[in-house]
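These are the residues of each chain, in order.
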Amino acid sequence: MTKYPIKILTFIKKKVITQCLWRKLLSCQSKNRYFTNVIFSHEIKKISALYFSPVNNIISVFKELINSNYYVENERDLQTVVDYFEDM
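Residues numbered from 1 in each chain as written. Predicted model: local features only at pLDDT ≥ 70, side-chain atom pairs only at ≥ 80, totals over all residues. Heavy atoms only, no water.

**Q** How do you make sense of the overall build of the protein when you look at a structure like this?
**A** Of regular secondary structure, the protein possesses six helices and zero strands. Going residue by residue from the N terminus, the α and β elements of the protein occur as α-α-α-α-α-α. In the protein, once contacts between residues fewer than 6 apart in sequence are set aside, the share between residues at least 24 apart is 58%. Surface summary for the protein: the accessible area is close to 6500 Å², and the carbon and sulfur share equals 57%. (Helix = DSSP H or I, 4+ residues; strand = E, 2+ residues; numbered from the N terminus. Contact = heavy atoms within 4.5 Å. Areas by Shrake-Rupley, 256 points an atom, 1.4 Å probe, with all protein chains shown as cover.)

**Q** Even after reading the chapter, I still don't get helix α6 (residues 75-87), so can you show me in this structure?
**A** The periodicity of an α-helix, 3.6 residues per turn, causes residues three or four positions apart to be oriented the same way. Given a rise of 1.5 Å per residue, 13 residues ought to cover 18 Å, and the 17 Å separating the end C-alpha atoms of α6 matches this to within 8%. The axis of α6 is deflected most strongly, by about 30 degrees, at Val81. Those residues of α6 lying buried are Asp77, Leu78, Val81, Val82 and Phe85. (Expected span 1.5 Å × (residues − 1). Bend = angle between axes of the 7 residues up to and from the residue. Buried < 20%, exposed > 50% of the residue type's maximum accessible area, 1.4 Å probe, protein only.)

**Q** Sorry, what's going on with the pattern of salt bridges here?
**A** Between side chains of opposite charge, a pair can form as their charged atoms come close. For the structure on display, the rule yields three salt bridges. Between Asp77 and Arg76 there is a salt bridge, and its shortest N-O distance comes to 3.4 Å. Because the salt bridges share partners, they merge into one network encompassing Arg33, Arg76 and Asp77. (Salt bridge = Lys/Arg side-chain N within 4 Å of Asp/Glu carboxyl O.)

**Q** Would you mind going over the nonpolar core with me for this structure?
**A** Core analysis: the biggest nonpolar cluster contains 18 residues, and Leu25, Phe40, Ile44, Ile47, Tyr71, Leu78 and Phe85 have the highest contact counts within it. Those elements giving two or more residues to this core turn out to be α1 (6-27), α3 (38-49), α4 (58-66), α5 (69-73) and α6. Considering every element that reaches this core, the biggest residue donor is α6, with four residues. When near neighbours in sequence (up to four residues on either side) are disregarded, Phe40 contacts Leu25, Ser30, Arg33, Tyr34, Tyr70, Asp77 and Leu78. (Core = buried A, V, L, I, M, F, W, Y, C linked by side-chain atoms within 4.5 Å.)

**Q** Quick question: what am I supposed to make of α3 here?
**A** Here α3 spans 16 Å end to end across 12 residues, near enough to the 16 Å set by a 1.5 Å rise per residue. Residue Asn37 occupies the N-cap position of α3, its side-chain oxygen lying 3.0 Å from the main-chain nitrogen of Ile39. (Polar contact = N/O pair within 3.5 Å; in protein donor to acceptor, adjacent residues only side chain to side chain.)

**Q** Could you clarify how one ought to interpret the packing of aromatic side chains in this entry?
**A** Aromatic rings in a pair are described by how distant their centres are and how their planes are angled relative to each other. Counted according to the given criterion, the structure contains two aromatic pairs. Taking the centre distance of 5.7 Å and the plane angle of 90 degrees together, the rings of Tyr34 and Phe35 count as edge-to-face. (Phe/Tyr/Trp six-rings, centres within 6.5 Å; stacked < 30°, edge-to-face > 60°.)

**Q** Which parts of the structure should I look at to understand the environment of Lys45?
**A** As for its position among the elements, Lys45 is in helix α3. Counting along the chain gives 24 residues from Lys45 to Leu21, while the straight-line C-alpha distance between them is 9.1 Å.

**Q** Mind showing me how you'd approach the packing of α4 against α6 here?
**A** The axes of two packed helices give the description: the angle between them and the distance between them. With their axes 12 Å apart at the nearest point, α4 and α6 run at an angle of 170 degrees to one another. When the axes of α4 and α6 are compared, the pair comes out roughly antiparallel. Contacts between α4 and α6 pair Ile58, Phe62 and Ile66 from the former with Val82, Phe85 and Glu86 from the latter. A per-class count over the contact of α4 with α6 returns five nonpolar, no polar and one charged. (Axes fitted to C-alpha atoms, helices over the stretch in contact; angles between N-to-C directions. Parallel < 35°, antiparallel > 145°, perpendicular 65-115°, else oblique. Nonpolar A, V, L, I, M, F, W, Y, C, P; charged D, E, K, R; others polar.)

Below you can see the structure in the form of structure tokens.
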């Protein structure tokens, strides 16, 4: 069995998670907003960036993110992606 460096495995995991979130985003009504609103797309990217956090911090950082002003104010538009991430 081939052993891969942890950096490669982390990159692959991040890539897969990002693709899954991307597909979910495309399947919901928020995809147009993603392409036209830079702030919205940046906030969505923050979710996939959580995988660069230490494992023991992911839940607390995620809770902090979804309780931020932007996520609270745009809950309806972000809910599908947030729910998807929570179910992963």
